[in-house]
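A closer look at the structure
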Amino acid sequence: MSGAGSPDLRVDGKGLRVAVVAASWHQTVMDGLVEGARRALTESGVDSVELVRVPGTFELPVACARLAGSYDALVALGVVIRGGTPHFDYVCQAATVGLTDVSVRTGVPVGFGVLTCDDDAQALDRAGLPGSSEDKGHEAATPAVATAVTLRDLTGRDAAVVGA
């Protein structure tokens with residue numbers, strides 16, 4: 001269920017350790033995202049997966065930062081529904097910047113599966129549930145594994161070649 005132009009990633013993640021870090025708000029949407037991520041990890045051959053729950057999307061970066069040293073890749077899943085206040089913008093920005101910082105600072109790929117939606121219907125349509133048009137949990141997990149495999153393959157290569 002990937003969008004037009006998205007790559008068809010097929011990776012062998014055997015031997016990788018992956019944590020799925022998932023918010024708790026909007027349980028139906030989150031259950032779909034988690035299931036999609038788990039399915040992607042299974043399809044990629046990852047057999048060591050831990051699910052870690054946090055209260056909300058805002059808490060994803062701190063949990064990922066704590067877990068990064070113990071895993072080859074992380075998958076961050078959350079959903080923020082726009083309301084009548086700027087809270088939506090603050091949470092979305094904090095999650096995006098925070099998760100990017102964790103990945104760049106630690107060198108551990110973080111699959112970004114945070115839905116930022118105008119309403120519940122948009123979130124349900126992206127959650128990978130029966131009838132959904134997209135499966136963002138799956139779409140977040142597969143690139144995290146692919147990037148972890150790429151980074152693993154780069155280990156030991158000459159730094160001058162990698163930076164070229």
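Everything that follows concerns the structure shown earlier in this document.
Remember, predicted model here, so these are calculated numbers, not experimental data. (Residues numbered from 1 in each chain as written. Predicted model: local features only at pLDDT ≥ 70, side-chain atom pairs only at ≥ 80, totals over all residues. Heavy atoms only, no water.)

Description of helix α2 (residues 60-67)
Considered for burial, the residues of α2 that qualify are Leu-60, Pro-61, Ala-63, Cys-64 and Leu-67. All buried residues of α2 lie within an arc of 165° about the axis, which places them on one face of the element. In this structure, α2 carries Val-62 and Arg-66 as exposed residues pointing more than 90 degrees from its buried face. In this fold, the buried residues of α2 make contact with β1 (17-23), β2 (48-54), β3 (73-81), α3 (87-106) and β4 (110-117). (Buried < 20%, exposed > 50% of the residue type's maximum accessible area, 1.4 Å probe, protein only. Helix = DSSP H or I, 4+ residues; strand = E, 2+ residues; numbered from the N terminus. Arc of directions from axis to C-beta. Contact = heavy atoms within 4.5 Å.)

Comments concerning the environment of Val-149
Mapped onto the secondary structure, Val-149 falls in helix α5 (residues 136-154). Taking the C-alpha atoms as reference, Val-149 lies 34 Å from Phe-88; in sequence the two are 61 residues apart. Each residue touching Val-149, except ones within four places of it in the same chain, is listed here: Asp-12, Gly-13 and Leu-16.

Observations regarding the side chain of Thr-142
With respect to the helices and strands, Thr-142 occurs in helix α5. Relative accessible area serves as the criterion here: at 10%, Thr-142 is assigned to the buried category.

What to know about the sheet that holds β1
With parallel pairing, the 4 strands of this open sheet are ordered in space as β2-β1-β3-β4. Across the chains shown, the open sheet's two edge strands, defined by having one partner strand only, are β2 and β4. Taken over all neighbouring pairs, the strand axes of this sheet differ in orientation by 15° on average, direction set aside. Sheet strands touched by helix α1 (residues 27-43): β1, β2, β3 and β4. Its angle to β3, the strand with the most contacts, is close to 155°. This element, α3, spans β3 and β4 of the sheet and lies at about 175° to β4. (Pairing = 2+ DSSP bridges. Axes fitted to C-alpha atoms, helices over the stretch in contact; angles between N-to-C directions.)

A word on the packing of α2 against α3
Following both chains from N to C, one finds α2 and α3 inclined at 10°, their axes separated by 8 Å at the closest point. Relative to α3, the element α2 lies roughly parallel. Across the interface between the two elements, Leu-60, Pro-61, Cys-64 and Ala-65 of α2 pack against Ala-94, Ala-95, Gly-98, Leu-99, Val-102 and Arg-105 of α3. (Parallel < 35°, antiparallel > 145°, perpendicular 65-115°, else oblique.)

Quick look at the packing of aromatic side chains
Summed over all chains, the structure comprises 0 aromatic pairs. Sitting over the face of the ring of Tyr-71, Arg-17 holds its NZ or CZ atom 4.6 Å from the ring centroid. (Phe/Tyr/Trp six-rings, centres within 6.5 Å; stacked < 30°, edge-to-face > 60°. Lys NZ or Arg CZ within 6 Å of the ring centre and 35° of its normal.)

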